[in-house]
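Fold and contact review
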Amino acid sequence: MKYQPRSVIADNNNQPNAVNDGPLFTWHKGALTISTDRRLLDIDFIHHFLRHSHWAQGIDRATLEHAIRHSLCFGLYRKKRQIGFARVVTDHATFAWLSDVFITAEYRGNGLGQWLMRSCLEHPLMSGLHRIMLYASQAPWLYAKAGYEPINQPDRVWTITQPAIDQPCGALHIPQSVH
Ligand SMILES: CC(C)(COP(=O)(O)OP(=O)(O)OC[C@H]1O[C@@H](n2cnc3c(N)ncnc32)[C@H](O)[C@@H]1OP(=O)(O)O)[C@@H](O)C(=O)NCCC(=O)NCCS
């Protein structure tokens, strides 16, 4: 199916200013399901994991909810219980950034991380993008198996890192205009 992005300003939860992902996608394997439907996400579960993770340590719930509302999200479920997650930040046309990938500890080592990575790449949006990137300080094998290549070139990838993760997003100062 050709991916058709739509810029509608309400998401599945009727939250304002959210990106509409277009059609929802699901993948099935026995009792396991991967879905892009944000309404199914267990925010408590995701928040509990991420605020204890090394990359999003201490993230507050409002910031996480804001990020989820503006991302293409992949929830992995066993029956109705969420057991994994991946979040894709994207302009829906050219570029995506893969983030927040995890499988809950008791289900690791069963190929679910790989299945989640494959499903992300199979999504019609993702398969049409020019570039997909991620930052990984752990589990390089997961991404290598999915086809990602390390850049390993000095002076090519640049970043500004600001300690804003512990600030509720509402507390960030966004200037009205820049002169
Ligand atoms: C990383 C993570 C998502 C992987 O999920 P998973 O379901 O355990 O991974 P899989 O079972 O699909 O394993 C993927 C492959 O890597 C292999 N693998 C697993 N652990 C490995 C290790 N320590 N070293 C090398 N290969 C490893 C597996 O054998 C499998 O390969 P195979 O199918 O050829 O056997 C999961 O471990 C996790 O949530 N970790 C904590 C969060 C995290 O670190 N996220 C990544 C942030 S960058």
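That block above? That's the structure.
What this report covers is the structure whose coordinates are included nearby. (Residues numbered from 1 in each chain as written. Predicted model: local features only at pLDDT ≥ 70, side-chain atom pairs only at ≥ 80, totals over all residues.)

For the protein, the helix and strand inventory stands at 5 helices and 6 strands. Listed N to C, the secondary structure of the protein is β-β-α-α-β-β-β-α-α-β-α in terms of helices and strands. In the protein, buried positions account for 20% of the 179 residues. Relative to all contacts within the protein whose residues are 6 or more apart in sequence, the contacts with residues 24 or more apart total 55%. (Helix = DSSP H or I, 4+ residues; strand = E, 2+ residues; numbered from the N terminus. Buried ≥ 20, exposed ≤ 12 C-beta atoms within 10 Å, placed from the backbone. Contact = placed C-beta atoms within 7 Å.)

Take the nonpolar core next. Phe74, Ala86, Val88, Leu98, Leu116 and Cys120 are the most contacted members of the largest nonpolar core, which has 21 residues in total. Listing elements by their share of this core, those giving two or more residues are helix H1 (43-51), strand S3 (72-78), strand S4 (81-90), strand S5 (95-103) and helix H3 (112-122). Those residues within four positions of cysteine 120 in sequence are excluded, and the remaining contacts are Phe74, Ala86, Val88, Leu98 and Met126. (Core = buried A, V, L, I, M, F, W, Y, C linked by C-beta atoms within 7 Å.)

The local shell around the ligand holds 16 residues, among which Phe102, Arg108, Gly113, Gln114 and Ala139 are the closest. Sorting the residues of the shell around the ligand by element identifies S5, H3 and helix H5 (140-146) as the ones contributing at least two each. A breakdown of the residues in the shell around the ligand according to their chemical character gives 8 nonpolar, 6 polar and 2 charged. (Near = placed C-beta within 6 Å. Nonpolar A, V, L, I, M, F, W, Y, C, P; charged D, E, K, R; others polar.)

Below, the discussion takes up the environment of phenylalanine 95. Position of phenylalanine 95 among the secondary structure elements: in strand S5. Considered as a pair, phenylalanine 95 and histidine 130 are 35 residues apart in the sequence and their alpha carbons are 6.1 Å apart. Residue contacts for phenylalanine 95: discarding those within four places in its chain leaves Thr90, Leu129, His130 and Arg131.

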